[in-house]
Every structure is written in C-alpha cells, then in structure tokens.
Amino acid sequence: MSGTPLERWVDEVAAITQPDRIVWCDGSDEEAQRLYEQGLAEKTFYRLNQKAYPGCHLHRSHPSDVARTEHLTFICSRRQEDAGPTNNWMSPEEARAKTLPLFRGAMRGRTMYVLPYIMGPVGSPFSKVGVEVTDSVYVAASMRIMTRLGKVALEQLGSSEDFCPGLHSLGDLSPERRFILHFPEERTIWSVGSGYGGNALLGKKCFSLRIASWMGRQEGWLAEHMLILGLEDPSGQVWYMAAAFPSACGKTNLAMLVSPLADQGYRVWTVGDDIAWLRVGPDGRLWAVNPEAGFFGVAPGTSDRTNPNMMAAIRRSTIFTNVAITQDGLPWWEGINGTGPDSLIDWRGNRWSPGSDKAAHPNSRFTVPARNCPSMSPHWEDPQGVPISAIIFGGRRARVAPLVYQSFDWQHGVFVGAGMASETTAAAIHAVGVTRRDPMAMLPFCGYNMGDYFAHWLRVGARLSQPPAIFHVNWFRTGESGQFLWPGFGENVRVLKWIVERVQGKGEATETPIGFVPTPGSLDLEGLSLSPETMEELLRVDRDAWEQELAEQKQFFEQFGERLPQEIWQEHAALAARLGAS
Ligand code: GTP
Ligand code: SPV
Ligand code: MN
C-alpha cells in the first residue's frame, strides 16, 4: 500500500461507500461558495435575504432528524465495564457487523467530502487533528465553520497517523438504521443515518468530548461540556471561568452576556460556548482552550434583549437550521424580537398559521463563526489557553438548587458536579422537562465509565497547587405560578461578580449544609426590582428537598459499584450529616 495513513484510510472508506466523486476540502472561501451552490442546487440549502443576512443560508433537516439521539449513541469499547452503566455499549465486532452493511455503497451517486480539521487553536500544543469523511454538503459547510478546516489541518498532520478518523453517511436518514458509534481504543467514529448537529458534525461531541475524554483520562487532562469566559473587573483584570450546564441550559448565553454592570467596569469576554479542554499548567493552575472555531447555538429564545452579541454575530456567514422564515427571507423563531408576522413559513417549509405548532423547531440552531461575535476575547486562540479561577456547574431546576452556592473545596466541588441534575431539553430526542441526573453536564458525552471519570477529576485536582474554586448556579428556579424568579441572561453577571469576589476572598457568604450561599447583601442587585422575599426564595436551602436529593443521588451513585471513588461516598455522607438527615 502506498500513500500516507490518511490517504490509505480514505481509499479504504471509499472502497466501502463507493462515492461517484471524492472532494478533498481545502477550507478556502471559493470552496465555501461551491459547497453552498451545490447545496442550493440539491435543496439542502436555501438562500436567506442577502441584504440583511449576507452569506447566510437556511437548512431544513429531515423531520425525524432534529436533535441528538442518545438511545442510538454507543461507546464500543472492548470491555463493557469501561463504557460504564450510563453509556449504551456495543462490542466493536457487533458494531461493525451491524453497520458495515449500512455504509456499503451508501455514497453511490453521491460526492464524498474529505474534511481534515483541527480541534484547538492552530499551533497549540493541545490541538488535535480529526478527519471526517461525509456525503452531506451541509456537514461539510458546517464543519468549515465549527473547526479549523482544510490546508491548515493537513499541514499540522503531515504524514502522521495521529488523527481521529470519522466516517459519516446520511444513509437513508431512518432512525431504524441510525447509529452513532465510538471506538475509543481505535480513536475512531462511525456515524450513519443522521445529518443533524452532534450526531453528524463529528468534531464536536463525538471527537472533542467522547473520544477526547477517553484520551484525557489516559493522558491526564479533561475534556468537558463547558463554556469558557473572562470577567473583566473594574481594575482591568480578567478572571477566567469555565461552566458546565447541560444541553440548552444557558452556556452560549452566559459566555457572551452583555453586562448591565458595564459602567462599574464589569464586562464579559467570550472564549468558548460549549466545549473546554483543560490541563494542569506548570504553574499548578488549570488552563483551558476552546477546541471549536464556531458556535452551534440554540435559536429559540435568542433576541436583542437576551443575547445581543449573538444577534450581531448571526448577521453574516451563518447557517440556520430548522428555523422559520418570513416572507422577506429573514430567519424567525419563538422568542426573537416581537411576535410572529402573519406570513411565516415554518421549519418544515409549510405555511404557518398562528395557534398551530411552533414555527421554528425547539432545537433549531445557527452555525456561526466565533470571530463574528463582538465579545470574543483577544485571548480566545491563545495556544496555551487561559487560566481558570472558577469552575461553575449548573442546571435547570425549578426547585432544590439555589441561585448560586460555593463548594467547600475541590473534593466537595467534584461531588457537587457528580450530584448534578437537570430538566431535559429539546437538544436530544426524549421527553422534555424530566429531571435526570447529569453529572458535570457530561451524562451524554463522557466516553468512558463515569465512576472512573469522577476519580479522574479527583486526581487532576490533586495535581493543582492553585485549584479553581467550584460553584453551582441555577438560573431556572420558579415561583408558585411557574415563572422564573431570576431575570437571567445579562443579569447573571451579578452572580459572576460575586463568584470573582469569593475567589479573591472578599464576597460575603453564609455557610449552609450544601456550601457557601451569598448573604442577603452580598449580591449586587442595584437597578433590579427583586423583592426581598424573591431573593430569599432564590437563595433558600430547602432541607426537605435536599433530603430527597440525597436519596436520588445515592441511587444514581450505586450503579457504579466499585468504580465509584470512596471520596464521593464520603462527601455524600458528610452532606447527609450536615443536613441532619436520617
Ligand atoms: P447547548 O448548545 O445545547 O449545549 O446549549 P447551551 O447550554 O449553550 O444553551 P443556550 O445558552 O443556547 O440556552 C438554551 C436556552 O435557554 C435558550 O432558549 C436560552 O434563551 C435559554 N436561557 C439561557 N440563559 C438563560 C437564563 O439565564 N435564564 C433563562 N430563563 N433562560 C435562559
Ligand atoms: C448539545 O446538545 O449539547 C449541543 C448541540 O451542543 S449538539 O451539537 O447537537 O450536540
Ligand atoms: Mn452542548
């Protein structure tokens, strides 16, 4: 056999899938134009109003293919126990036998795009190369936005075999023949039957979280479902934080918030909105890079009021998926400025009438280059990353979790992350609004046994001489009539301010059984009209609810058996003792 390892692999998958044409993507702007032209011709793309949204396109996915499908996602490690009880597992042999027939001849009559890409800043020692082969022009155009794609990646790779191969085909888009497979020992991904988001853009959840978390465990680093932001304080110092919230629970919005405390000197700089790779630096601090180059952001709820930076970012070179459009070819979704005009076309391409279903799909999204976002940090592509002062866990909890609390130390913080739960959202195909345990927001994304994952977090902490402080937040606590008690969005900067004060040993807090909660006067609420009763409810630690929480955590942790670190049980027992639970 001749050629580089990459060329040999491409030959191999072409022999299986039998495309009519093979196109190696170089990442150039001319190539982007060709991809969009091709997509327009085959009705994969529609042009949006080019005056208002230059370079922007609409894509409508198959109506049965609108979100990640966790029940069709598998970790195919050699041993089942290495995937752990929270992942679907299939043996590598079975996985190949089941899906090879689906890939055979799947690209006949079609074009196969070869997409070499880098996850991480170009030239960063932490960057990794992946190569996705796909028969979807939408995936090719999206990966150009989400990663550093083409020539730069081939240059970084050279003739090395150090890349993560990802084979993707739309197949027949049937959920019956849809599989998202990860072979962690081979660092390989096979995905068939879906063209949507995390199922199909293989650099994202498949490589940068599931495969990368496995690699990180072997190599001593962390791959996390986290945003990265910098909070600039009035002295001009920037404090970096990484925050893990489950899918569609507010990472993008927090990462680029517009601060109502700007006149005091507090503002937010964006480093990343979905994934962080974290390493222990030579200085004993934790350093983070954002492996992505774009955002795949949730459309519904995005507006000039909630997220002005994103509204500015998506005005050019953006792909909109499953949103509605107005008569003038402008994108529209629930929660965008104002009510729906009468003449909308819904996400399926049908005329929409008020009172019928939602016009945009609840998991409709935009794919936008990060450099479009006005709040990008000047350090967002720094090869060494940014130093993290605080880690923030959070979820969507109508009750139980207060607005914010701080853990006592790293080990307790790991327990806080491991004990997380959140109400499910439209980001995956399942019942929405059901509370489920979602440790560190990684339940659907950890590529190995989560018992080992908690142990890995503890080990990384032991190597940090200056560990970040660990917090938990909840923007979603509701009142009697189901309304959100906290205004959220930009106002969340008030919580970030308290967090940075705590990091500096300044902010005031009350010690409670679950951790440190702000004293009534320590959160900056100037200019907000929140009643003292509302604030009390937002910060209340409800002992009965926490006793129930303890029981549910216990049940969740038990499934890991011997693989659950003793430290997690110690923290669980300590919390029970502090709550005075029976
Ligand atoms: P993924 O991309 O799925 O990982 O999601 P994400 O965590 O980046 O979530 P995102 O910021 O896109 O927010 C998801 C939804 O929550 C959107 O509809 C937002 O408008 C809404 N949301 C975000 N932040 C807040 C908040 O502070 N309060 C309230 N009430 N809603 C919020
Ligand atoms: C998520 O579901 O957490 C996302 C969207 O960020 S997807 O890329 O589809 O996974
Ligand atoms: Mn995500």
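Refer to the preceding data block for the structure.
Worth saying up front: this structure is predicted, and the values here are computed from it rather than measured.

Enquirer: In this structure, what is going on with the overall build of the protein chain? I would like to understand it.
Expert: Scanning the protein chain for helices and strands turns up 16 helices and 29 strands. Computed over its C-alpha atoms, the radius of gyration of the protein chain comes to 23 Å, within 12% of the 25 Å expected for a compact globule of 582 residues. The C-alpha extent of the protein chain, read off along each of the three principal axes, is 65 × 55 × 45 Å. Across the 582 residues of the protein chain, 61% fall into the buried class. Taking as baseline every contact in the protein chain between residues at least 6 positions apart, the subset at least 24 positions apart corresponds to 73%.

Enquirer: Please clarify how the site of ligand 1 should be interpreted in this entry.
Expert: In the neighbourhood of ligand 1, 22 residues make up the surrounding shell, with Ala248, Lys251, Thr252, Asn253 and Pro300 lying closest. With respect to ligand 1, the side chain of His225 contributes an N or O atom lying 3.4 Å from an oxygen atom. Within the backbone of Gly250, an N or O atom sits 2.9 Å from an oxygen atom of ligand 1. Look at ligand 1: alone it shows 660 Å² of surface, and the protein chains cover 92% of it. Counting only elements with at least two residues in the shell around ligand 1, the list comes to α9 (251-255) and β18 (294-298). The dominant element in the shell around ligand 1, judged by the number of residues it contributes, is α9, at 3 residues.

Enquirer: What am I meant to see in the packing of helix α2 (residues 29-41) against helix α5 (residues 137-146) here?
Expert: If you want to describe how two helices pack, look at the angle between their axes and the distance between the axes. Running from N to C, α2 and α5 cross one another at 150°; their axes reach a closest spacing of 9 Å. Classified by the interaxial angle, the pair formed by α2 and α5 is roughly antiparallel. Seen along the crossing, α2 lies across α5 with a hand that is left-handed. Contact residues: Asp29, Glu31, Ala32, Leu35, Tyr36, Gln38 and Gly39 in α2; Val137, Ala140, Ala141, Arg144 and Ile145 in α5. Across the contact of α2 with α5, the residue classes break down as 7 nonpolar, 2 polar and 3 charged.

Enquirer: What am I meant to see in the coordination of the manganese ion (ligand 3) here?
Expert: In an ideal tetrahedron of four donors about a metal, each angle is 109.5 degrees. In an ideal octahedron of six donors, the angles are 90 or 180 degrees. In the first shell of the manganese ion (ligand 3), the protein supplies Lys205 (NZ), His225 (NE2) and Asp274 (OD), at 2.2 to 2.3 Å from the metal. With 6 donor atoms in place around the manganese ion (ligand 3) and angles of 70 to 174° between them, the coordination shape is octahedral. Written as a sequence motif, the donor arrangement for the manganese ion (ligand 3) is K-x19-H-x48-D. Placement of His225 in the loop between β12 (222-224) and β13 (227-232) and of Asp274 in the loop between β15 (267-272) and β16 (276-280) is noted, with a sequence separation of 49 residues between them. When sorted by exposure, His225 lands in the same class as Asp274, which is buried.

Enquirer: Teacher, can you tell me more about a nonpolar patch on the surface here?
Expert: Taken together, the side chains of Ile22, Trp24 and Leu154 define a hydrophobic patch exposed on the protein surface, amounting to about 250 Å² of accessible area. Owing to a relative accessible area of 34%, Leu154 belongs among the partly exposed residues under this scheme.

Enquirer: In this structure, what is going on with the pattern of salt bridges? I would like to understand it.
Expert: Between side chains of opposite charge, a pair can form when the charged atoms approach closely. According to the stated counting rule, one finds 33 salt bridges in the structure shown. Between Asp524 and Lys497 there is a salt bridge whose closest N-O contact spans 2.7 Å. Here Lys497 lies in helix α13 (residues 493-503) and Asp524 lies in the loop between β29 (515-518) and α14 (532-539), a separation of 27 residues in the sequence. Across this residue pair, the class does not change: Asp524 and Lys497 are buried.

Enquirer: How should the sheet that holds β18 be read in this particular structure?
Expert: Strand order in this open sheet of 5 strands is β2-β3-β19-β22-β18, and the pairing throughout is mixed. The open sheet has two edge strands with one neighbour each: β2 (46-47) and β18. In this structure, β2 lies alongside strand β3 (residues 57-59), joined through 2 bridges in antiparallel fashion. By the bridge assignment for β3, Arg47 is matched with His57.

Enquirer: Even after reading the chapter, I still don't get the packing of aromatic side chains, so can you show me in this structure?
Expert: Inspection of every chain in the model, using the stated rule, returns 29 aromatic pairs. Ring geometry for Trp333 and Phe366: centres 5.8 Å apart, planes at 55°, overall tilted. Here Phe366 lies in strand β22 (residues 365-369) and Trp333 lies in the loop between β21 (331-332) and β22, a separation of 33 residues in the sequence. A single burial state applies to Trp333 and to Phe366, both of which are buried. Centre to centre, the rings of Phe476 and Phe484 are 5.6 Å apart; their planes meet at 70°, and the pair counts as edge-to-face. On the accessibility criterion, Phe484 (48% relative accessible area) is partly exposed. One aromatic cluster is present, built from ring pairs that chain together Phe415, Tyr448, Tyr453, Phe454, Phe556, Phe557, Phe560 and Trp569. Sitting above the plane of the Tyr46 ring, Arg60 keeps its charged end 4.9 Å from the centroid.

The rules behind the values
Note on numbering: residues in each chain are counted from 1, in written sequence order. Starting at A for chains and at 1 for ligands, labels are handed out in the order in which the entities are written. Restriction of local features to residues with pLDDT of at least 70 applies here, the model being predicted, together with a cutoff of 80 or more for giving and counting side-chain atom pairs; totals for whole chains, interfaces and linings are based on all residues. Hydrogens and waters are ignored; side-chain quantities use all the structure's heavy atoms. Secondary structure follows DSSP: runs of H or I at least 4 residues long count as helices, runs of E at least 2 residues long count as strands, and numbering of each begins at the N terminus. Our radius of gyration looks at C-alpha atoms and nothing else; its globule reference is 2.2 Å times the residue count to the power 0.38. Any residue under 20% of the maximum accessible area for its type is buried, any over 50% is exposed, and the rest in between are partly exposed; the area is computed with a 1.4 Å probe on protein chains only. When checking whether two residues touch, look at their non-hydrogen atoms; a contact exists if any pair is within 4.5 Å. The near set for a molecule or strand comprises every residue that places at least one heavy atom within 4 Å of it. Polar contact criterion, stated in full: a pair of N or O atoms within 3.5 Å, where within protein one must be able to donate a hydrogen and the other to accept it, and residues adjacent in sequence count only if both atoms are side-chain atoms. Here the accessible surface of atoms and residues is derived via Shrake-Rupley with a 1.4 Å probe, and residues count as covered only by protein chains that are part of the display. Every angle, taken between N-to-C directions, lies between 0 and 180 degrees, and every axis is a line fitted to C-alpha atoms, over only the stretch in contact when it is a helix. These descriptions rest on fixed angle ranges, namely under 35 degrees for roughly parallel, over 145 for roughly antiparallel, 65 to 115 for roughly perpendicular, and the rest for oblique. Crossings are sorted by hand: turned counterclockwise from the far helix by less than a right angle, the near helix makes the crossing left-handed, and turned clockwise it makes it right-handed. Amino acid classes used here: Ala, Val, Leu, Ile, Met, Phe, Trp, Tyr, Cys and Pro are nonpolar; Asp, Glu, Lys and Arg are charged; the rest, including Gly, are polar. With water excluded from the atoms, a metal site may look incomplete; its donors are any N, O or S atoms within 2.8 Å, or within 3.2 Å for Na, K and Ca. The rule is simple: four donors are tetrahedral if all their angles sit between 85 and 135 degrees, four are square planar and six octahedral if opposite donors span more than 155 degrees and the others lie between 65 and 115, and anything that fits none of that is irregular. Candidates for patches are residues over 30% relative accessible area with no salt bridge; among them, like charges are joined within 9 Å and nonpolar side chains (Val, Leu, Ile, Met, Phe, Trp, Tyr) within 5 Å. Salt bridge, as used here: a side-chain nitrogen of Lys or Arg that lies within 4 Å of a carboxyl oxygen of Asp or Glu. DSSP calls a pair of strands paired once it identifies at least 2 bridges connecting them. Think of it this way: a Phe, Tyr or Trp ring, Trp meaning its six-membered ring, pairs with another when their centres are within 6.5 Å, and the plane angle makes it stacked under 30 degrees, edge-to-face over 60, tilted otherwise. When the NZ atom of lysine or the CZ atom of arginine is within 6 Å of a ring's centre and also within 35 degrees of its normal, the charge is said to sit over that ring.

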